[in-house]
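# Analysis of the macromolecular model
These are the residues of each chain, in order.
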Amino acid sequence: NDDDCHDEDGHDGAVGLYNVQLSMDETYADIHPIRHNPDDVTAYLSIMRGCNNMCSYCVVPFTRGRERSRDYDSIIAEAKRLFDTQPVKEIVLLGQNVNSYHDSSPSAVQRSPQTSYATSSDGFQNLYKLRGGKGYYFADLVEGISDISP
């Protein structure tokens, strides 16, 4: 029966559908979060969106899209603003998988600080491999933020 596809107002089943196309490059870097308590000493700073892991139990890649990192300079500027204008002593970096942060923008590639990281102590093998080529990585970001307010 064709009447089963309509609600009581005569609308068909397409009512309420939304475009869920996900951006591959939008990072919301220009949006400054609202702090509910401006006197709080802890601030939350989003450094990336989405995830590339595609775990069988997780909806993040399908709801937030593929992994994309904010550019290094915008994160450093936001951290500096938080330390300079508010009583912030601690910044929590937010993202689905912050260890995979990678700013590969043209300016980051041009200024890339290093191409390898010593993550192991002497006598141990380093299993960490950089993925994605030049640019800023999570270790660079943590170091950059700590240089603002050690």
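Residues numbered from 1 in each chain as written. Predicted model: local features only at pLDDT ≥ 70, side-chain atom pairs only at ≥ 80, totals over all residues. Heavy atoms only, no water.

## Considerations on helix α2 (residues 72–85)
Turn by turn, an α-helix covers 3.6 residues, leaving residues three or four places apart pointing in a common direction. Stated formally: Strands here are runs of E lasting at least two residues and helices are runs of H or I lasting at least four, both read from the DSSP assignment and numbered beginning at the N terminus. Helix span is expected to be 1.5 Å times the residue number reduced by one. Burial status follows relative accessibility: with a 1.4 Å probe on protein chains alone, a residue under 20% of its type maximum counts as buried, one over 50% as exposed, and anything between as partly exposed. Any two residues having at least one pair of non-hydrogen atoms within 4.5 Å are treated as being in contact.
Helix length check: α2, at 14 residues, gives a terminal C-alpha distance of 20 Å against a target of 20 Å (1.5 Å per residue), a fit within 8%. Turning to α2, its buried residues are Tyr72, Ser74, Ile75, Ile76, Glu78, Ala79, Leu82 and Phe83. Check the buried side of α2 and you find it contacts β1 (42–46), β4 (90–94), β5 (102–103), β6 (136–137) and α4 (138–148).

## Digging into α4
Basically, it comes down to this: The reported arc concerns the directions from the helix axis to the C-beta atoms and nothing else.
Within α4, the full set of buried residues consists of Asp140, Leu141, Gly144 and Ile145. Each buried residue of α4 sits inside an arc of 130° when the element is viewed along its axis, so together they form one side. In the core, the buried residues of α4 are packed alongside α2, β4 and β6.

## Concerning the nonpolar core
What counts here: Buried Ala, Val, Leu, Ile, Met, Phe, Trp, Tyr and Cys residues that are joined via side-chain atoms within 4.5 Å together make up what is termed a nonpolar core.
Counting residues in each nonpolar core, the largest one holds 19 residues, and the members touching the most others are Leu45, Ile47, Ile91, Tyr101, Leu141 and Ile145. Every element with two or more residues in this core is listed here: β1, α2, β4 and α4. The element that contributes the greatest number of residues to this core is α2, accounting for 6 residues. Residue contacts for Tyr101: discarding those within four places in its chain leaves Ile47, Met48, Ser69, Arg70, Asp71, Tyr72, Ile75, Tyr136, Tyr137, Phe138 and Leu141.

## Structural notes on the packing of α2 against α4
The cut-off we apply is this: Each axis is a line fitted through C-alpha atoms, and for a helix only the stretch in contact is used; angles between axes span 0 to 180 degrees, taken between their N-to-C directions. Any angle that falls under 35 degrees is termed roughly parallel, while one over 145 is termed roughly antiparallel, one within 65 to 115 roughly perpendicular, and all others oblique. The handedness criterion is simple: a crossing whose near helix is rotated anticlockwise from the far helix by less than a right angle is left-handed, and one whose near helix is rotated clockwise is right-handed.
The N-to-C vectors of α2 and α4 enclose an angle of 30°; their axes lie 10 Å apart at closest approach. The angle between the axes of α2 and α4 places the two elements in the roughly parallel class. Of the two possible hands of crossing, α2 and α4 adopt the one that is right-handed. Together, Tyr72, Ile75, Ile76, Ala79, Lys80 and Phe83 of α2 and Asp140, Leu141, Gly144, Ile145 and Ile148 of α4 make up the contact between the two elements.

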